[in-house]
Amino acid sequence: TEMSIYIHIPFCQQLCAFCEYARIACPDEMMQKNYLNGVNQDILSFMDKHEGLVTLRGFDIGGGTPTALSEKNFDILMDIYDQTIAKCRSSVDFESSIEGTFNTLSIDKIRRMVTSGIKRLSLGVQSTSRDVLNNANRQSARINEMQYWMNTAWDSGVDKINLDLMYGLQGQNESTIAADLLAIEVLKPQQVTLYELRTNMISLKEIPDKTELYTQYSSYYKGLISLGYLARFGQNTFSLNTSDFGVSSYLRSRMHQGVPYKGFGISAQSMSPEGISYNVGKSRATVKQAISGSSFGEEFTYFLPPKELSSKYIAIAAYSGSFSLQRVSELLKIDAEEYFRDELDYCIGAGLLHVEGGRVFITECGFKYYGAVFSLFYA
C-alpha cells in the first residue's frame, strides 16, 4: 500500500559522454507528445488496478532531462502528474521532485511545476570547469546564469534546489574541485549530490583508480562540510537541513527504508516485495525504437528470493553509505544481525563499518573499499 512513483523522460539537448541511462537527443514536439501519451496510458492502467489503495511516499520525474520538453509538452507532463496524484493518498513526508538543467529552464516551466506542487528542483552541474565539461560533451552554465535561475525558482515558490556534482571526470583536479566548492558557496543550494564516475559507465575509456576517486571525494566532502552541509563520510548526499538527508522523499524511502517503487517510461526500474523489473528500452540500442511505442511496460522481470531481494536493497542503500538492519531482516525473514554475524564482526573489527541506531554505516577507512565491503552482504 505504500510506494513511490518514478517517471523517466529520456530526452536531452546534449548527450553527455558519461551518462549510462536510456536517453536520446530531444526529438520534435510530436514525438515528445506521443511518448508522454504512452506513459500516461501506462499510468492510467496501473492506477485503475490500484486506485484508492496506494499511499505515495515519493514521486520523482527524471531522465534524461524532463525540462528539455517543449513548453506545451511540459504542461502535458504536469497534467499527468496532477492526474496521478489525485488518485492517491500521500504520506506525511511526501515531497515530489523533478530534474532539469539550467539551459532548459523557463519561467513558465518553473511556475507550472510549482502550481502542480513540485517544489524540489534538482539541477545537473557536474562541474563548473568548461574544459572538464567539454571533455564530457556537456554544456556549461556561468555562475551568474545559475544564480539567476535559482533565484527565479525560489521566488516562484520552489522550496529546495539540489545541485548535482560529479568526481572522476577527465580533467578534474584540486583546482577544479576548489572552483566547484566556491560556486556552491556563492549559490547556496539547499542540497548537493555528489556522484562518482563508475566503471559501469562503459562508454568511457579512462576511469581514475580508486585512490584518486577517494582523494577527490574527500576534497569535496571536507569542502562541503566546511560550508555547513551535513553528511556522514561515505554518503553522497549533502544537505543544509538535518532531516531530509539531501534527497527527495522518493529517494529517502527507497534508500533508507526499501519502500517499493514503480517506474514508468522506457527502461524505468520497479521494485516490489517480490522482485524487480525493467521496462522496455533498457538497452541503448533499443531506445529510438522504444520511444515510438504506445506503451512502455515491463520487459525484464526478475522474481527474487529473500536473500537476493535484500542484496538489491543493500545495493540501493549503499548510495547513502548505510543500510537498515531492520529492513534487511524483514526482507530475509530472519534476523540480519545474526545472519551476517561473521561479516559484521570482521568489518567492525577492521574498522570498515560501525553499527548505530539499527543501521550499518561505512567508515572513512571502509569507504576506500566500499564496493568490496558492501558486497560482503550480497547473497
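Please read these numbers as outputs of a predicted model, since none were measured by experiment.

Colleague: What is the right way to look at the overall build of the chain in this model?
Modeller: Of regular secondary structure, the chain possesses 14 helices and 17 strands. For a compact globule of 379 residues, the expected C-alpha radius of gyration is about 21 Å, and the chain comes in at 20 Å, within 12% of that figure. The C-alpha extent of the chain, read off along each of the three principal axes, is 60 × 50 × 40 Å. Classification of the 379 residues of the chain by burial places 55% in the buried group. Here the contacts in the chain between residues at least 6 apart in sequence split such that 70% fall between residues at least 24 apart.

Colleague: Can you help me understand the nonpolar core in this one?
Modeller: A general tendency of soluble globular proteins is for nonpolar side chains to be buried together. Counting residues in each nonpolar core, the largest one holds 97 residues, and the members touching the most others are Ile7, Ile61, Leu77 and Phe323. Setting aside anything within four residues of it in sequence, one finds Leu77 in contact with Ile7, Ile9, Leu36, Ile61, Pro66, Leu69 and Ile98. If you look at the next biggest cluster of nonpolar residues, it comprises eight residues, including Cys16, Cys19, Val132 and Met166.

Colleague: Help me understand the sheet that holds strand 17 (residues 359-362) in this model?
Modeller: Whether parallel or antiparallel, the strands of a sheet pair through hydrogen bonds between backbone atoms. Spatially, 15-17-16 is the arrangement adopted by the three strands of the open sheet, whose pairing is antiparallel. The open sheet is flanked by strand 15 (322-324) and strand 16 (353-356), the only strands paired with a single partner. Averaged over all pairs of adjacent strands, the angle between strand axes in this sheet comes to 20 degrees, irrespective of strand direction. Pairing analysis gives three bridges linking strand 15 to strand 17, with the strands arranged antiparallel. Each bridged residue has a counterpart across the sheet, and for Ser324 the counterpart in strand 17 is Arg359. Sitting on the sheet, helix 10 (residues 306-317) touches strand 15 and strand 17, and the angle it makes with strand 15 is about 140 degrees.

Colleague: In this structure, what is going on with the pairing of strand 7 (residues 120-126)? I would like to understand it.
Modeller: Moving residue by residue along a regular strand, the side chains alternate between the two faces of the sheet. The element strand 7 is largely enclosed, with a buried count of seven among its seven residues. Here strand 7 shows no split at all, with Arg120, Ser122, Gly124 and Gln126 on one side and Leu121, Leu123 and Val125 on the other all buried. Where strand 6 (residues 97-100) meets strand 7, three bridges bridge the pair, whose relative direction is parallel. Its bridge partner lying in strand 7, Gly100 is registered against Leu123. For the crossover that starts at strand 6, traverses helix 3 (residues 107-115) and ends in the parallel strand 7, the hand is right-handed. Where strand 7 and strand 8 (residues 160-167) come together, six bridges link them in parallel fashion.

Colleague: So what exactly am I meant to see when it comes to the pattern of salt bridges here?
Modeller: Pairs can form between side chains of opposite charge whenever their charged atoms are close. Going through the model one piece at a time under the given rule, you end up with 16 salt bridges. A salt bridge links Arg112 to Asp75, with the nearest nitrogen and oxygen atoms 3.4 Å apart. In this pair, Arg112 is assigned in helix 3 and Asp75 in helix 2 (residues 71-86), connecting sequence segments 37 residues apart. By relative accessible area, Arg112 is classed as buried at 17%. Classification of Asp75 by relative accessible area gives partly exposed; the value is 33%. Salt-bridge contacts for Lys262 lead to Glu298; the nearest nitrogen and oxygen are separated by 3.0 Å. Separated by 36 residues along the polypeptide, Lys262 in strand 11 (residues 261-264) and Glu298 in strand 14 (residues 298-303) bring together distant segments of the chain. For Lys262, a relative accessible area of 13% puts it in the buried group. Note on Glu298: relative accessible area 43%, which makes it partly exposed. If you follow the salt bridges from partner to partner, you end up with Asp75, Asp79, Asp82 and Arg112 in one network.

Colleague: Would you mind going over helix 1 (residues 29-50) with me for this structure?
Modeller: Think of an α-helix as turning once every 3.6 residues; residues three or four places apart then point the same way. Over its 22 residues, helix 1 runs 31 Å from end to end, which matches the ideal 32 Å to within 8%, given 1.5 Å per residue. Here helix 1 has its buried residues at Gln32, Tyr35, Leu36, Gly38, Val39, Asn40, Asp42, Ile43, Phe46 and Met47. Where helix 1 is buried, its residues meet strand 1 (2-9), strand 2 (11-12), helix 2, strand 11 and helix 9 (287-291). The N-capping residue of helix 1, defined by a side-chain oxygen 3.1 Å from the backbone nitrogen of Met30, is Asp28. Once helix 1 ends, the next one or two residues include Gly52, with phi positive near 85 degrees.

Colleague: How should a nonpolar patch on the surface be read in this particular structure?
Modeller: A surface patch of nonpolar side chains, amounting to about 240 Å² of accessible area, comprises Ile143, Leu182 and Val186. With respect to the secondary-structure elements, Leu182 resides in helix 6 (residues 174-187).

Colleague: Just checking my understanding: could you explain unusual backbone geometry for this structure?
Modeller: Among all residues except glycine, the phi angle is most often negative; among peptide bonds, the trans geometry is most common. Geometrically, the link from Gly63 to Gly64 is a cis peptide bond, its omega value of 25 degrees lying close to zero. Positive phi, close to 65 degrees, is recorded for Ser267, a residue that is not glycine. As for its placement among the helices and strands, Ser267 is situated in the loop between strand 11 and strand 12 (269-272). In this structure, Lys333 takes a positive phi of about 65 degrees despite not being glycine. Note on placement: Lys333 falls in the loop between helix 11 (325-332) and helix 12 (336-339).

Parameters and conventions
Residues numbered from 1 in each chain as written. Predicted model: local features only at pLDDT ≥ 70, side-chain atom pairs only at ≥ 80, totals over all residues. Heavy atoms only, no water. Helix = DSSP H or I, 4+ residues; strand = E, 2+ residues; numbered from the N terminus. Rg over C-alpha atoms; globule rule 2.2 N^0.38 Å. Buried < 20%, exposed > 50% of the residue type's maximum accessible area, 1.4 Å probe, protein only. Contact = heavy atoms within 4.5 Å. Core = buried A, V, L, I, M, F, W, Y, C linked by side-chain atoms within 4.5 Å. Pairing = 2+ DSSP bridges. Axes fitted to C-alpha atoms, helices over the stretch in contact; angles between N-to-C directions. Right-handed = clockwise from strand over helix to strand, strands pointing away. Salt bridge = Lys/Arg side-chain N within 4 Å of Asp/Glu carboxyl O. Expected span 1.5 Å × (residues − 1). Polar contact = N/O pair within 3.5 Å; in protein donor to acceptor, adjacent residues only side chain to side chain. Patch = residues over 30% accessible without salt bridge, like charges linked within 9 Å, V, L, I, M, F, W, Y side chains within 5 Å. Areas by Shrake-Rupley, 256 points an atom, 1.4 Å probe, with all protein chains shown as cover.

Remember that the coordinates give geometry; whether it matters functionally is a separate question.
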